[in-house]
Amino acid sequence: MSQVTTAARPAAKAKAASKGSQSNQSLSWGSPVVYFVGLLLVALSMGPVLYIVMGGFRTNSQITTDPAGLPDPFVTQSYATVSTSADFWKPALTSVEAAVLTTLGVVLLGVMAAFVLARYQFKGRGFFYSLFAAGLMFPLSVAITPLYTVISKLGLLDKLAGVVLPGIAFALPTTIIILVPFLRAIPKELEEASALDGLTRLGFFWRIVLPLSGPGLITVGVLAFVASWNGYMLPLFVFNTHTPTLPLGVAQFSTQHSTDTAAVLAYTSLSMIPALLFFSIFERRIVGGLTGAVKG
Amino acid sequence: MERPQHRFKKIAIGLAAFGLAAGLTACGDSSAPAGDDTTAGGDATQTLIWWHNMNADPGLAYWKTVVADYEADHPGLKIDMQVYQNEDLRTKIRTALQSDSPPDLFQQWGGGELIDQVQAGYVMDLSDQVADEIAVIGEGNVVGWQVDGQTYGLPFTLGIEGIWYNKDMFEAAGITSVPKTLDDLSAAVEKLRAAGLQPIAVGGQDGWPAAHWYFNFALRECSQATLVADATDKAFTDPCWQKAAQDLADFAATDPFNDGWVTTQAQVGAGSSAGMLANGQAAMELMGIWESGVVGSLTPDQKVPEFLGWFPFPSVPGGGGDQKAAMAGGDGFSCHKDAPASCVEFIKYILSDKVQAGYAATGSVPANPNANSSLTEPILQDVTAQAKDVSYTQLWLDTVYGANVGEAINNNVVALLQGQYQPAEFVQAVQEAAAKS
Amino acid sequence: MSTPAPAALSAAAGAGGAGSRPVPARPAKSKRSGRGRTRAEIAILLGPALIVFVGFVMAPMAVAAYSGFYSWNGYGPLTNYVGFDNYKEVLSDPKFFTALKNNLFILVMSLVLQGPLAIVIALLLNRKMRGRSTLRVLLFVPYVISEAIVGVGWRLILGTGKEGGALNALLRAVGLDGLQHYWLNKGTAVWVLLLICTWKYLGYAIILFLAGMQGIPEELSEAAQVDGASFWRVQWHITLPLLGPTLRIWAFLSIIGSLQLFDLVYVVWGKAAPSVDVSTMASYMVLNGRNTLRYGFGNAAAVVMFLVSLVIALAYQRFVLRRDTEGATTDGN
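Everything numeric here is computed off the predicted structure, so don't read it as measured data. (Residues numbered from 1 in each chain as written. Chains lettered and ligands numbered in written order. Predicted model: local features only at pLDDT ≥ 70, side-chain atom pairs only at ≥ 80, totals over all residues. Heavy atoms only, no water.)

Enquirer: Outline the confidence of the model for chain C, listing residues and values.
Expert: Reading predicted coordinates in detail is not appropriate for stretches of low pLDDT. Residue and element names in this part refer to chain C. The share of residues in chain C with pLDDT of 70 or more is 86%, and the mean pLDDT across the chain is 83. For chain C, the element scoring lowest by mean pLDDT is helix 1 (residues 7-13), at 31; helix 3 (residues 85-91) scores highest, at 95. Low pLDDT (under 50) marks residues 1-30, which in the prediction has 46 contacts with non-local residues, meaning those over four places away or in another chain. Counted against residues more than four places away or in other chains, residues 327-333, with its pLDDT under 50, gives 18 contacts. Predicted complex metrics record ipTM = 0.84 and pTM = 0.85. (pLDDT = per-residue confidence, 0-100. Helix = DSSP H or I, 4+ residues; strand = E, 2+ residues; numbered from the N terminus. Contact = heavy atoms within 4.5 Å.)

Right, here's the structure in full:
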């Protein structure tokens, strides 16, 4: 954090200098209307989520006979079984590993590529941009057989890298498309100034661009994390003996002929928590955080 | 920060070298060897990779003990059991069979899928080695795992289909005896409706549960010869196909199915058609032998309910087919063509009286009838007893006729039941699908 | 679509993006060694992403697309070349066009519904006030839940029969029996799909917009507010125009997402999608390709889907995105 501010300082007005003394620590209350609208929205977005969470406290019979009812009696068995089971915690660890590595990889490779596409002029730039964009338009499920062959030939089957590397590849298009305008928005005066200060273009990228594109990087990071967290296809095909990820782990409650819905709901409700923690840690940085720095 | 970058570069170079080439030749790569270390005989430890779908207890626990017992008797052999959810397993097998790391022993649903696998040369011909097992299971029951008279897999579980019903609801509606004929069934539907009850649950959204109604009518209208002949020529020109569609359309017109059946799912736990039967929301469901276990898992006390009963699909007056025949299905195992000899040995072990008896004790119906006595669930004993009256069993038509025709039946039967398709149009849609390659 | 940002404003803001172009040549010391050096930089920065992307995404996709010219059951080598037969079948199947129609409906309605809604919410959440962090997290929750579970949950809520499901039970409980409905059936199905999509993906749009708003200097709006302009007036005249690039990128991603829509349809409706008229191009592809083991046909349908997306994306880029990706869409220089 401090490193970042130093790097950005030459071109930026210090945030503290901007008028008004509000900071994130001492926020004032907003108008009641805003909170009312906010609560209404939360009710709409969280209603179905709470329904799923509560479903985990019911039996399948209760859910079938009275879909709108509250747990009656309150059955903690599903949550208790899931939360004390190695079949939850071990996959949770794999999921965290895969999601963190994928996110780091996507953000790093993505911002490097987006920097080139946003700020270098060269022949073929349009082609490369379109190439990445085209990656969004073809469904992954169709390409799974050839993809499996690639993963297998590289010796990545049953390895974490077999999930992480393709995961990075599939998250690159969104990442690059979102980042290009963010990077383009950094004023060229800043680049010129840094060049006068003796920074190379790579130095400019490393010391100025990266710190300044915080909100964009964190946004694409969060999106990549969620995509990896819920990813099903890749771990399904890549992992055999490897501990599965959470989305695969939940399949243990679906046998050939039936599903334990209550357990599925409990398992998923619990597996949401780490992803939400990740988001709540980083959302502060999307808004606030480093931003005041860019005032060209 | 440098290290990951460095690693990426290494990987990236590797990718450039192999990735593209691998990707581009992926489809031409049919002769991939089974690259495990199992082909060599001798004393070295041999590993048998086994993929199956029994991913929950008690089934899973049972197969673990089977593996442990077998390994104890066969030093030097290690069975690497990998378990997946049913649908996941199907997709995985398809991809893995054409890669260079296929499983040795894998779940085999039989029928059209097996034919594709055999034609592509992935499956071992077991014919010479399993004659004894076939004799025990019964020639006719193995047909689904045979291609051109050769056996490429064996079922380990088999069971007939029938109508599961709620005795209490029947009684409440004043139905005194189980329906024997189609007219009896229609009368029962009428009485249940009159009593304000939903007669029959059907998972229309999944297609196949509705299609099973058509299969059973086809079984009553078509001769066994026609059913067998159409498995190869796929003509579906015999008038019996349309008559069966007419029977079903007429039956559907009496409004026998649950409210909202078009979007009802069959077996996804809460809210499914099985859940309706389990909780007294519908009186009947046409389903395979596994139904009692599914229903049992969805009741308030998670036990097979006392009220659950079973009767064979009713006879259709004037039908040209066998009125005593039954639809049936099962799951089996196949060996990869390059699997070690221990693969077949292990299949034979699975089908032995001892292992099958243990399997029956977990509440599933064994393929080996000698093990039927080990079924503990009363309703399953009842069904297997009634199965003795069956003249012949016919494997699911969507399995026998392949995914092409099977899906056409599954998808179009809903339109037939809703009256959007006339019986003739329905049969035409099936014929057209059969003509596509 | 959206009004161009006044050049002066965006230049002042920098973050507007509309005015800033790629920096041309380096001002100093880049005459001779510059070109080689620039190439090396491009290779180092773009190379890793490109290799991973081509190896794991483009190459497998090319192979899959190629199999669209074959009759192929998914096993073994491609031997039965059928030319454009699969494509002809897709393009002469009315069911495909029904699916396309549904995709376009979702596409347009998502833009119309999600866009304004997400902007308003993002503006509110961008204000400095207590509790905004909590609000942001809560509104983002639906996006974090996997499509598979979203499907299970909404199925239980919507039910299958006229009296089934939590929603119908709720309507009964408050005396609105008359509003009970077969929500998943024909007629309402596609609206239900739209509702679920909006519910699920709104959070995505919100965080994207929030991130975009951080590039907009506070001074501008603060100054305007000091001058007496109302909050919404300020947003309309200052924030929104400057948010242009982010909005256009979101719309682009939303359009492509709508055209590729699959998971939610398949989890909620499965094989019933065509019979209740809620199928999409991707569900058509799976139901008629993979499920019938006609992989060649399914892959041809995927290529058609790709082309439809490409045409729409190119049109969008030509008419809307051009400003932001100037030089990136066509070989600049």
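Enquirer: Lay out the interface of chain A and chain C with the relevant residues and their values.
Expert: One frequent convention defines the size of an interface as the accessible area lost when the parts assemble. With 104 residues of chain A at the interface, the matching set in chain C holds 101 residues. Both sides together, the interface formed by chain A and chain C hides about 9,800 Å², and carbon and sulfur atoms give 75% of it. For Arg136 of chain C, the salt bridge goes to Glu283 of chain A, with nearest N and O atoms at 2.4 Å. For the interface between chain A and chain C, the tally reads 9 residue pairs in polar contact (both at pLDDT 80 or more). Class assignment for the residues of the side of chain A that touches chain C results in 71 nonpolar, 22 polar and 11 charged. (Buried area = accessible area lost by both parts, 1.4 Å probe. Salt bridge = Lys/Arg side-chain N within 4 Å of Asp/Glu carboxyl O. Polar contact = N/O pair within 3.5 Å; in protein donor to acceptor, adjacent residues only side chain to side chain. Nonpolar A, V, L, I, M, F, W, Y, C, P; charged D, E, K, R; others polar.)

Enquirer: Provide a residue-level description of the interface of chain C and chain B, including the pertinent values.
Expert: Counting residues at the interface gives 38 residues for chain C, matched by 35 residues for chain B. Here chain C meets chain B over a buried area of about 3,200 Å², counting both sides, of which 58% is carbon and sulfur. The largest per-residue losses of area from chain C upon contact with chain B belong to Val63, Tyr75 and Lys271 of chain C, which jointly make up 22% of the total buried on that side. The interface formed by chain C and chain B includes 2 salt bridges. Note that Lys436 of chain B is salt-bridged to Glu89 of chain C, the shortest N-O span being 3.2 Å. Here chain C and chain B share 17 residue pairs in polar contact (both at pLDDT 80 or more) between them. Looking at the side of chain C that touches chain B residue by residue, the classes come out as 20 nonpolar, 12 polar and 6 charged.

Enquirer: Explain the pattern of salt bridges to me, using residue names and the numbers behind them.
Expert: A complete count under the given rule lists 14 salt bridges over all chains for this structure. Note that Lys243 of chain B and Glu221 of chain B form a salt bridge whose closest N and O atoms lie 3.2 Å from each other. Taken together, the residues span a long stretch of sequence, with Lys243 of chain B in helix 10 (residues 239-252) and Glu221 of chain B in helix 8 (residues 208-221) at a distance of 22 residues. Looking at Glu221 of chain B, the relative accessible area reads 5%, which means it is buried. Residues Arg294 of chain C and Glu89 of chain C are paired through a salt bridge, measuring 3.0 Å at the closest nitrogen-oxygen approach. Of this pair, Arg294 of chain C sits in the loop between helix 12 (281-290) and helix 13 (295-319) while Glu89 of chain C sits in helix 3, placing them 205 residues apart in sequence. Among the residues examined, Arg294 of chain C registers a relative accessible area of 9% and is labelled buried. Overall, the relative accessible area of 21% leaves Glu89 of chain C in the partly exposed class. (Buried < 20%, exposed > 50% of the residue type's maximum accessible area, 1.4 Å probe, protein only.)

Enquirer: Would you mind going over the domain arrangement of chain B in detail, with residue names and values included?
Expert: Residue and element names in this part refer to chain B. Here chain B is described as being made up of domain 1 (46-159 + 329-394) and domain 2 (162-327 + 397-435). Computed over C-alpha atoms, the centres of domain 1 and domain 2 are 27 Å apart. Contacts between the two partners involve 17 residues from domain 1 and, on the opposite side, 21 residues from domain 2. For the pair domain 1 and domain 2, the summed buried area comes to about 1,700 Å², and 64% of that belongs to carbon and sulfur atoms. Looking at the side of domain 1 facing domain 2, the largest losses of area belong to Ile379, Tyr392 and Gln394, adding up to 42% of the total buried there. Summed over the shared surface of domain 1 and domain 2, the result is 0 salt bridges. There are 7 residue pairs in polar contact (both at pLDDT 80 or more) connecting domain 1 and domain 2. With 4 residues, helix 15 (residues 378-386) is the single largest residue contributor to the side of domain 1 that touches domain 2. (Domains from an automatic or database assignment.)

Enquirer: Give a detailed account of the environment of Gly174 of chain B, specifying residues and quantitative values.
Expert: Checked against the element boundaries, Gly174 of chain B lands in the loop between helix 6 (167-172) and helix 7 (182-194). Residues Gly174 of chain B and Ala188 of chain B lie 14 residues apart in sequence; the distance between their C-alpha atoms is 8.7 Å.

Enquirer: Describe a nonpolar patch on the surface, listing the residues and the values that go with them.
Expert: The grouping of Val33, Phe36, Val37 and Leu40 of chain A at the surface amounts to a nonpolar patch, some 390 Å² of accessible area in total. By secondary structure assignment, the location of Phe36 of chain A is in helix 2 (residues 32-55). (Patch = residues over 30% accessible without salt bridge, like charges linked within 9 Å, V, L, I, M, F, W, Y side chains within 5 Å. Areas by Shrake-Rupley, 256 points an atom, 1.4 Å probe, with all protein chains shown as cover.)

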